[in-house]
Amino acid sequence: MADTTVQMTGDLNNNVSRTPVSTRMSFSSPRRGATVSFHNINYSVKMKSGFMCKRKVTQKNILIELNGIMRPGLNAILGATGSGKSSFLDVLAARKDPAGLSGEVLIDGAPQPPNFKCLSGYVVQDDVVMGTLTVRENLRFSAALRLPKSICQQEKDEKIEKLIQELGLSKVADSRVGTQLIRGVSGGERKRTSIGMDRPRAYANIMANSGRTIILSIHQPRYSIYRLFDSLTLLLGGRLVYHGPAQDALDYFSEIGYICEPHNNPADFFLDVINGESTAVALNKLYDIEELDQEQLRSSLKGIEDRLVEEYKTSTSNKQTKSELERIIQGKDYSKRPKSRTITYSTSFFHQFNWVLKRTFRDLMLNPQTSLVQIGVMIFLALVVGAIFFGVKDNMSGIQNRMGALFFITSNQCFSSMSSAELFITERKLFVHEYISGYYRVSVYFLSKVLSDILTLRTIPAIIFSCVVYWMIGLKASAEAFFIFMFSIILVSYTATSMTLAISADQTVVGIANIVINMIFVFMMIFSGLLVNLPSVADWLNWLKYLSIPRYGLVAVEINEFIGLTLCDMRNTSGLEMQVCTTGEEFLSEQGITYSTWGLWQNHLALGIMTLIFLIIAYLKLRFIKKFT
């Protein structure tokens, strides 16, 4: 069975959009391209407008009755902006949401396999590579996950080195691709890296002219690119106005009255005709009017569009294409076959986990914005809090200072976790592309991101913060109390981070996620136990305390700190100074806190359960987010 890879050719900086679908046989068999036929493709989307009860749902047709054949070679799709090029390409690559899609795409006369998008290569318009890694590291990552484990690492490395040379990336092979904060390679080099990522041998095989089936969309290529095309598909408003050999396109348009002027780029000429800007003779015949108002202009453009579509429908080329399509189908009915979309993988779970985890950790270490800055901020806050509450006394004022310090510490752990809101949002495009291309499982990506974030950005900063602030404030001088304090703070950070991930996993805008998370944390602070005496809260609101993350953390560190503590003050009573003392246990009782051993550890158990629940929610959201265009 034919395997498929993606390829691209031509000028990489010349408005190339996306390039999927190129087919090859196994390593040992002779290579040949596949014939891709598409039969009565229709695609529509539902458009919503208005608010609430006045909301209206209308259906917009994106692709309308597309039929054709694309053979081995370079097949180009051209059209103006909004003509449906990208949607058509997504349909051919099996990356379009089946909802609203009808028709059939066949590969050598057979239906696309459910895992076609994993077998085919696909270069997206926006480059999706890890910017903190080098060109070679990105290609090694792709080869490790997309090539089978039966190929040894030495052979993979040799293929990568050959690919780097073929792509012209030898000089920048060990340079980082680049991010907003890191200066990287040029735009063309970044695009070529993205092509190499898609299939490690793809570009080299194009250069060798191995006869693969290459389909691309391109907006306005120069002539040196246009003359490489074997077939041309012109779209206008989601409908075909030409589909056939590229070298016959000018003759076809000449036959229907649109003549290309000498030395004019054919691609520019076709777009002029489609846009109604052509000065060809046919246009003058249609409208013998020197000036048109806006309404007349819209009508004229609609007339041109309808005429071009009808001319193609009645053309000899279209009739020949339909005849070939009927011969391919041979009376078979694929319309009732359910369209399934599955993902297949070349490697095991643990192999994927090893590579994705290493890449994630390396990305964190090489990104100062997410690693060093966060640790530096934690140290600064610890010093500030330690200086404000430095050396608390064992008197009544010490109660207030201790409560204020502990409240701030637990609340700070919650709000500092908001930085994890962008964990899945910033890499959404990268994750979706790599997942549906069969790089790794969702569970692999989820575990790698969560572990790297928790260990580097939650655990280490919390440990440093605890070590600084605990001894500066002068809390209970006991190793056991210190480690319970540290464990409580880390657990609060884990739970708050998990909640943040659960809320933001399916969001696309970091700002919206932060607003929701911030509002929830504010309500949690109110029911943490410091701002309001919880036993005095009405029963119909009192249950909210069980949803408060800082409450569990605050209660745990309060019990840890106040048990065994005696707080004394000198008071003047009737002219006599007397020492008045209270115990930590008495203070905890006034706050309605059970200070038994179970009273302490039940808070940690609650935080652990909440962490698990939030992580499950985050995973399910990531698992079921929309992954098709």
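Since the structure is predicted, the reported quantities are computational estimates derived from the model, not experimental observations.

**Q** Honestly, the nonpolar core in this entry has me stumped. Any pointers?
**A** Side chains of a nonpolar character, in soluble globular proteins, are inclined to be buried together. Phe-424, Phe-431, Tyr-440, Ile-473, Phe-485 and Ile-549 are the most contacted members of the largest nonpolar core, which has 90 residues in total. Looking at this core, the element that brings in the most residues is helix 18 (residues 479-504), giving 14 residues. Those residues within four positions of Tyr-440 in sequence are excluded, and the remaining contacts are Phe-141, Leu-145, Tyr-345, Gln-352, Val-356, Arg-359, Leu-430, Phe-431, Glu-434, Tyr-435 and Tyr-445. Membership of the second largest hydrophobic core comes to 51 residues, among which are Ile-77, Phe-88, Leu-92 and Leu-308.

**Q** In this structure, what is going on with the UniProt feature "transmembrane region" (unreviewed entry) in the chain? I would like to understand it.
**A** With numbering matched to this structure, UniProt assigns "transmembrane region" (unreviewed entry) to residues 372-392, 455-475, 481-503, 515-534 and 604-622. Secondary structure content for residues 372-392 is 81% helix and 0% strand, and the end C-alpha separation is 31 Å. Helix and strand shares over residues 481-503 are 100% and 0% respectively, and the end C-alpha atoms of the span are 33 Å apart.

**Q** Is there a simple way to explain the packing of aromatic side chains in this structure?
**A** Between two aromatic rings, the relevant description is the distance of the centres plus the angle of the planes. A complete count under the given rule lists 26 aromatic pairs for this structure. Ring centres of Phe-38 and Phe-88 lie 4.9 Å apart, and the angle between their planes is 75 degrees; on these two criteria the pair is classed as edge-to-face. Pair noted here: Phe-38 is in strand 4 (residues 36-49) and Phe-88 is in helix 1 (residues 85-92), with a separation of 50 residues, a long-range link. Accessibility assignment for this pair places Phe-38 and Phe-88 in one class, buried. Between Phe-424 and Tyr-445 the ring centres are 6.1 Å apart and the planes differ by 45 degrees, which places this aromatic pair in the tilted class.

**Q** Looking at this structure, I do not really get the packing of helix 18 against helix 23 (residues 597-624). What am I missing?
**A** For any two helices packed against each other, the geometry comes down to the angle between their axes and how far apart the axes lie. Interhelical geometry of helix 18 versus helix 23 gives an angle of 25 degrees and a closest axis separation of 8 Å. Overall, the two elements helix 18 and helix 23 adopt an arrangement that is roughly parallel. In this structure, helix 18 crosses over helix 23, and the sense of that crossing is left-handed. On the side of helix 18, the interface is formed by Ile-484, Phe-487, Ser-488, Leu-491, Val-492, Tyr-494, Thr-495, Ser-498, Met-499, Leu-501, Ala-502 and Ile-503, while helix 23 contributes Leu-600, Trp-601, His-604, Leu-607, Gly-608, Met-610, Thr-611, Phe-614, Leu-615, Ile-617, Ala-618 and Lys-621. Considering only residue class, the contact of helix 18 with helix 23 consists of 17 nonpolar, six polar and one charged.

**Q** Even after reading the chapter, I still don't get the layout of surface pockets, so can you show me in this structure?
**A** Take a probe with the size of a water molecule and roll it over the atoms, and the empty space left behind shows itself. By volume, the largest pocket is sized at about 980 Å³. Surrounding the largest pocket, 37 residues form its lining, Thr-179, Asp-363, Asn-367, Thr-426 and Glu-427 being those nearest its centre. Class assignment for the residues of the lining of the largest pocket results in 11 nonpolar, 15 polar and 11 charged.

**Q** Just checking my understanding: could you explain the pattern of salt bridges for this structure?
**A** As a working rule, side chains carrying opposite charge can pair if their charged atoms are close by. Taken as a whole and judged by the stated rule, the model has 17 salt bridges. For Arg-362, the salt bridge goes to Glu-137, with nearest N and O atoms at 3.0 Å. Placement of Arg-362 in helix 13 (residues 349-365) and of Glu-137 in helix 3 (residues 135-146) is noted, with a sequence separation of 225 residues between them. The class of Arg-362 is partly exposed, set by a relative accessible area of 38%. One salt bridge in this structure joins Lys-621 and Asp-506, with 3.4 Å as the shortest N-O distance. Highlighted residues: Lys-621 in helix 23 and Asp-506 in the loop between helix 18 and helix 19 (510-526), separated in sequence by 115 residues. Classification of Asp-506 as partly exposed rests on a relative accessible area of 35%. One salt-bridge network, in which partners are shared between bridges, spans Arg-136, Glu-161 and Asp-174.

**Q** Just checking my understanding: could you explain helix 4 (residues 153-166) for this structure?
**A** Residues three or four positions apart in an α-helix share a direction because the helix packs 3.6 residues into each turn. Spanning 14 residues, helix 4 covers 20 Å between terminal C-alpha atoms, matching the ideal 20 Å at 1.5 Å per step. Of all the positions in helix 4, only Lys-156, Lys-159, Ile-160, Leu-163 and Ile-164 are classed as buried. For helix 4, the angular spread of the buried residues around the axis is 140 degrees, confining them to a single face. Exposed residues lying more than 90 degrees from the buried face of helix 4 are Gln-154, Lys-162 and Gln-165. Trailing helix 4 by a residue or two, Gly-168 shows a phi angle of about 70 degrees, which is positive.

**Q** Would you mind showing me how to read unusual backbone geometry here?
**A** Generally, phi is negative for residues other than glycine and the peptide bonds are trans, each holding for most cases. The phi torsion at Glu-65 lies on the positive side, around 50 degrees, for a residue other than glycine. With respect to the helices, strands and loops of the structure, Glu-65 is situated in strand 5 (residues 56-70). Phi angles above zero are rare outside glycine, and Ala-94 is one such case at about 60 degrees. Checked against the element boundaries, Ala-94 lands in the loop between helix 1 and strand 7 (101-107). Residue class for Ala-94 comes out buried when judged on its relative accessible area of 4%.

**Q** What is the right way to look at a nonpolar patch on the surface in this model?
**A** A cluster of nonpolar side chains, Met-519, Val-522, Phe-523, Ile-526, Leu-530 and Leu-531, forms an exposed patch at the surface whose accessible area comes to about 540 Å². Locating Phe-523 in the fold gives a position in helix 19.

**Q** I tried to follow the sheet that holds strand 11 (residues 231-236) on my own but got confused; where do I start?
**A** Strand-to-strand pairing in sheets goes through backbone hydrogen bonds, with the strands running parallel or antiparallel. Within the open sheet, the four strands sit side by side as 10-6-11-12. Their pairing is mixed. Each having just a single partner strand, strand 10 (213-217) and strand 12 (239-245) make up the two edges of the open sheet. When strand polarity is set aside, the average angle formed by the axes of neighbouring strands in this sheet is 15 degrees. Summarising the sheet, strand 6 (residues 73-79) and strand 11 pair through five bridges and their orientation is parallel. Across the sheet, the residue bridging to Ile-77 is Thr-233, located in strand 11. On the sheet, helix 9 (residues 266-274) packs against strand 6, strand 11 and strand 12 and is oriented at approximately 25 degrees with respect to strand 11.

What counts and what doesn't
Residues numbered from 1 in each chain as written. Predicted model: local features only at pLDDT ≥ 70, side-chain atom pairs only at ≥ 80, totals over all residues. Heavy atoms only, no water. Core = buried A, V, L, I, M, F, W, Y, C linked by side-chain atoms within 4.5 Å. Buried < 20%, exposed > 50% of the residue type's maximum accessible area, 1.4 Å probe, protein only. Helix = DSSP H or I, 4+ residues; strand = E, 2+ residues; numbered from the N terminus. Contact = heavy atoms within 4.5 Å. UniProt positions renumbered as here; feature names shortened; annotations may be inferred. Phe/Tyr/Trp six-rings, centres within 6.5 Å; stacked < 30°, edge-to-face > 60°. Axes fitted to C-alpha atoms, helices over the stretch in contact; angles between N-to-C directions. Parallel < 35°, antiparallel > 145°, perpendicular 65-115°, else oblique. Left-handed = near helix turned anticlockwise from the far one by under 90°. Nonpolar A, V, L, I, M, F, W, Y, C, P; charged D, E, K, R; others polar. 1 Å grid on protein atoms, 1.4 Å probe; cavity = no way out; pocket = protein on both sides within 12 Å on 5 of 7 lines; lining within 4 Å. Points joined across faces, edges and corners; volume = space filled by probe spheres on them. Salt bridge = Lys/Arg side-chain N within 4 Å of Asp/Glu carboxyl O. Expected span 1.5 Å × (residues − 1). Arc of directions from axis to C-beta. Patch = residues over 30% accessible without salt bridge, like charges linked within 9 Å, V, L, I, M, F, W, Y side chains within 5 Å. Areas by Shrake-Rupley, 256 points an atom, 1.4 Å probe, with all protein chains shown as cover. Pairing = 2+ DSSP bridges.

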